[in-house]
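Report on the structure
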Amino acid sequence: MAIDRPSPPTSTDSPVGPLPPKPDALTDWDGPADPANPKNWKLGKRIYHTMLPALYGFSVSLGTSIYSPGVSATMKEFNVSMSVSLLGLSLYALGLALGPIVGAPISETQGRKAVYIITLPIFLLFTAGAGLSRNIQSFIILRFLSSTFGSPALAVGAGTVADIWDMEHGGGLATVLITSTFFLGPSLGPLVGGYTVETRGDWRWIMWVLMLIAGPIGLLALPSKETSKKIILARRAKQRGVPGPPKPPPAVALKMLFVITLVRPLKMLVSEPILMSWALYHAFVFGVLFAFFESYPYVFGTVYGFSPGQVGLAFLGIFIGTLFAVVTFAIIDKTVYQKKKVLCAPAKPPPEERLYTSMLGALGVPVALFWFGWTARADVHFLAPIAAGIPFGWGVVTLFLGGMTYLLDTYGAMYGASAIAANGLLRYTFGAAFPLFTIQMYERLGIAWATSLLAFVGLALLPIPFVLYKFGPSLRARSRR
């Protein structure tokens with residue numbers, strides 16, 4: 001008589017019930033402790049990979065203002081007007097707005113490391129070309145191209161942080177570090193460029209110094225590892241022989257990226273009141289910062305007789321203010337925001353709780369502008385207008401940090417990147433435009449009233465974070481995103 005033997009347990013039949021399915025090799029890690037996950041890397045390795053986008057951001061953004069002490073020299077050498085010579089600054093700023101458009105296809109298909117490895121050498125080549133230019137046309141075009149290929153590293157920096165850190169455990173600090181370099185670079189550029197022109201006597205050395213700063217950073221990136229989850233999992237699945245999903249045709253993939261990096265940001269910019277107001281505010285204060293690249297040489301040169309290097313030293317007020325802003329954001333985040341998190345647990349606090357930093361910063365900008373405008377005169381010591389740069393730098397960066405975290409919390413992972421891209425497009429457009437009319441405005445209105453005009457605009461925009469704190473929830477409820 002045959003005896004029925006129990007069949008061996010299967011993956012869905014075990015003494016303790018069904019076994020959990022194995023994670024999909026293409027969409028998720030092997031487990032919480034997967035060593036391939038960048039969040040599980042050793043602390044030193046994560047710090048190294050965080051410093052790379054911070055250093056890239058510093059060097060590329062340094063390229064904006066480092067040229068300002070060379071404007072007069074290029075005017076004389078190429079026999080052009082100041083407005084034409086300033087295009088070397090303005091078009092560089094405009095090229096920075098194209099970072100998401102240039103960087104997204106590389107990041108999506110080859111990973112974040114590829115963005116750092118591919119774009120910086122091209123940035124250096126175009127910077128060298130600008131230094132070798134023999135006419136103003138080639139100089140302006142090459143400056144634009146150099147920033148266009150330097151900007152993708154700025155665009156993927158936030159993504160790199162998100163790959164490596166949990167926002168609750170180091171990610172917030174890392175984001176602030178990277179973001180602050182976008183302002184630390186421009187605040188130090190006039191100092192570096194000013195003394196370069198003074199000591200070398202040739203504006204072309206500005207380009208060589210920029211290459212000497214940015215070049216070693218590219219070498220630091222060579223031993224780095226890929227951080228993008230999508231790329232890491234795709235490569236590992238290929239090694240394991242797991243077939244990947246069907247890829248869309250190249251034309252369709254490019255169209256999708258174009259929509260995400262340009263079309264959607266522009267649509268959101270004109271249809272989302274929250275984004276529209278913040279983008280306008282950020283663009284204005286960024287435009288004023290870029291206007292200072294021309295107004296500082298004008299003010300400190302004509303009123304106090306400063307040399308280009310000494311004018312660069314005057315920007316240290318803005319540099320100090322930027323550092324204070326980082327400290328301010330960190331203190332508010334660790335005290336006020338953390339208390340709100342405890343009160344709202346297990347849910348997240350509403351995005352409006354991110355606005356405290358910006359409310360403070362909104363006060364700093366007009367105060368600094370009035371201070372600068374009415375103390376920059378011969379009978380007042382030069383330290384007074386220099387000190388005005390401290391609340392200005394502090395106000396601009398606190399506005400930026402609070403506003404960006406608010407936009408990310410408001411629009412989430414899917415639309416947050418598009419909101420940041422829209423903000424960047426308008427911000428760098430204003431940064432490109434403001435230097436072109438700054439000197440004319442100061443010559444016609446005078447230092448006090450030209451700066452006061454900017455301060456009055458700052459006062460008009462000041463209520464934005466306060467209004468959004470009160471009416472933000474209702475605006476978010478009506479949002480299409």
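Every chain is numbered independently, its residues counted from 1 as its sequence is written. In view of the model being predicted, local features appear only for residues whose pLDDT reaches at least 70, and side-chain atom pairs are presented and counted only at 80 or more, with totals across whole chains, interfaces and linings using the full set of residues. Water and hydrogen atoms play no part in the side-chain values, which are based on all heavy atoms of the structure.

What follows covers the overall build of the protein. Check the secondary structure of the protein and you find 19 helices and zero strands. Scaling as 2.2 N^0.38, a compact globule of 481 residues should have a C-alpha radius of gyration of about 23 Å, and the protein matches this with 25 Å. Dimensions of the protein along its principal axes, counting C-alpha atoms only, are 115 × 50 × 40 Å. Among the 481 residues that make up the protein, the fraction classed as buried is 52%. We call two residues contacting when some pair of their heavy atoms lies within 4.5 Å. Counting only contacts in the protein whose residues sit at least 6 apart along the sequence, the fraction spanning at least 24 positions is 83%. Only the protein chains shown count as cover for residues, and the accessible areas themselves come from Shrake-Rupley with a 1.4 Å probe. Element-wise, carbon and sulfur atoms account for 70% of the exposed surface of the protein, whose accessible area totals about 21,900 Å². Numbered from the N terminus, helices here are DSSP runs of H or I no shorter than four residues, and strands are runs of E no shorter than two. When we talk radius of gyration, it's over C-alpha atoms, and the globule rule is simply 2.2 Å times the number of residues to the 0.38. Under the scheme applied here, a residue whose accessible area is under 20% of the maximum for its type counts as buried, over 50% as exposed, and between as partly exposed, the area being computed with a 1.4 Å probe on protein chains only.

Any two rings among Phe, Tyr and Trp, with Trp reduced to its six-membered ring, count as a pair given centres within 6.5 Å; such a pair is stacked if its planes are under 30 degrees apart, edge-to-face if over 60, and tilted if neither. Going through the model one piece at a time under the given rule, you end up with 31 aromatic pairs. Ring geometry for Phe290 versus Phe293: centroids 5.0 Å apart, planes at 55°, classification tilted. Note that Phe290 and Phe293 are positioned in helix H13 (residues 273-302) at a spacing of three residues, about one turn of the helix. Note on accessibility: Phe290 and Phe293 belong to one class, buried. As a reminder, the over-ring test applies to NZ of lysine and CZ of arginine, requiring each to be within 6 Å of the ring centre and within 35 degrees of the ring normal. The cationic tip of Lys45 hangs over the ring face of Trp41; the distance from NZ or CZ to the ring centre is 4.3 Å. Of note, Arg200 hangs over the ring of Trp205, and the distance from its end group to the ring centre comes to 4.4 Å.

In contact at an axis separation of 7 Å, helix H5 (residues 99-110) and helix H7 (residues 136-155) are set at 70° when each is read in the N-to-C sense. By the angle between their directions, the pair H5 and H7 is classed as roughly perpendicular. In this structure, H5 contributes Gly99, Pro100, Val102 and Gly103 to the contact, and H7 contributes Thr148, Phe149, Ser151, Pro152 and Ala155. Split into classes, the residues belonging to the contact of H5 with H7 amount to five nonpolar, four polar and no charged. Axis angles are defined between N-to-C directions and span 0 to 180 degrees, where every axis is a line fitted to C-alpha atoms and, for a helix, only to the segment in contact. Angle categories are assigned with fixed cut-offs, so that under 35 degrees is roughly parallel, over 145 is roughly antiparallel, 65 to 115 is roughly perpendicular, and the rest are oblique. Throughout this entry, Asp, Glu, Lys and Arg are counted as charged residues, while Ala, Val, Leu, Ile, Met, Phe, Trp, Tyr, Cys and Pro are counted as nonpolar. The remaining residues, Gly among them, count as polar.

Another point: the nonpolar core. Note on terminology: a nonpolar core comprises buried Ala, Val, Leu, Ile, Met, Phe, Trp, Tyr and Cys residues joined through side-chain atoms within 4.5 Å. Core analysis: the largest hydrophobic core is formed by 117 residues, its most contacted members being Trp278, Tyr281, Phe292, Tyr296, Phe300 and Phe392. For this core, the element with the highest residue contribution is helix H18 (residues 389-461), accounting for 25 residues. Ignoring any residue separated from it by four or fewer positions in sequence, one finds Tyr296 in contact with Gly301, Val311, Ala314, Phe315, Ile318, Phe372, Pro385 and Gly389.

By convention in these notes, a salt bridge is any Lys or Arg side-chain nitrogen within 4 Å of a carboxyl oxygen on Asp or Glu. For the structure shown, the criterion picks out 10 salt bridges. One salt bridge connects Glu352 with Arg476, and the closest N-O pair in it is separated by 2.8 Å. Residue Glu352 is located in the loop between helix H15 (316-344) and helix H16 (356-375), and its partner Arg476 is located in helix H19 (residues 464-478); the two are separated by 124 residues in the primary sequence. Under the relative-accessibility criterion, Glu352 is labelled buried at 2%. With a closest N to O distance of 2.9 Å, Arg354 and Asp409 form a salt bridge. Of this pair, Arg354 sits in the loop between H15 and H16 while Asp409 sits in helix H18, placing them 55 residues apart in sequence. Ionic contacts of the salt-bridge type, sharing partners, join the residues Asp30, Asp34, Arg236 and Arg240 into one network.

If you trace the backbone, Pro297 turns up in helix H13. Placed 47 residues apart in sequence, Pro297 and Pro250 show a C-alpha to C-alpha distance of 49 Å. Other than its neighbours up to four places away in sequence, Pro297 contacts Phe292, Thr302 and Val311.

It is worth spelling out the side chain of Thr398 at this point. Tracing the chain through its elements places Thr398 in helix H18. The class for Thr398 is buried, based on a relative accessible area of 0%. Between N or O atoms, a polar contact is any pair within 3.5 Å; within protein, one atom must be a potential hydrogen donor and the other a potential acceptor, and residues adjacent in sequence are included only when both atoms are from side chains. One polar contact links the side chain of Thr398 to the main-chain carbonyl oxygen of Trp394, over a distance of 2.7 Å. In contact with Thr398, not counting residues within four places along its chain, are Ala325, Thr328, Thr357, Ser358 and Gly361.

Okay, a nonpolar patch on the surface next. Patch definition: residues above 30% relative accessible area lacking any salt bridge, with like charges linked at up to 9 Å and the nonpolar side chains Val, Leu, Ile, Met, Phe, Trp and Tyr linked at up to 5 Å. A surface patch of nonpolar side chains, about 600 Å² in accessible area, is lined by Trp374, Leu445, Trp449, Leu453, Phe456 and Leu459. Broken down by element, the residue count for the nonpolar patch peaks at five residues, all from H18.

This part is about helix H11 (residues 229-239). Side chains of residues three or four places apart in an α-helix project in the same direction, reflecting 3.6 residues per turn. For H11, the set of buried residues is Ile231, Ile232, Leu233, Arg236 and Ala237. Of the residues one or two after H11, Gly241 is the one with positive phi, at around 75°.

Within the element layout of this structure, Val252 appears in helix H12 (residues 250-271). Expressed as a C-alpha distance, the spacing of Val252 and Glu198, which sit 54 residues apart in the sequence, is 52 Å.

Another point: the side chain of Ser358. The residue Ser358 is located in helix H16 in this model. When residues no more than four places from it in sequence are discounted, the contact partners of Ser358 are Trp278, Thr398, Leu399, Gly402, Gly403 and Pro465.

Mapping Lys340 onto the fold places it in helix H15. Its relative accessible area of 27% is what places Lys340 among the partly exposed residues. The spatial distance from the C-alpha of Lys340 to the C-alpha of Asp379 is 49 Å, given a sequence separation of 39 residues.

What follows is about unusual backbone geometry. Cis geometry is found at the peptide bond from Ala345 to Pro346, where omega equals 5°. Tracing the sequence through the fold places Pro346 in the loop between H15 and H16. We note that Asn79 has phi near 55°; this positive angle belongs to a residue other than glycine. Residue placement: Asn79 occurs in the loop between helix H2 (71-78) and helix H3 (82-85).

Looking now at the confidence of the model for the protein. A residue's pLDDT is simply how confident the predictor is in it, with values from 0 to 100. When the pLDDT values of the protein are averaged, the result is 88; 93% of them are 70 or greater. Note that residues 8-22 has pLDDT below 50 and, in this model, five contacts with residues that lie over four places away or in other chains.

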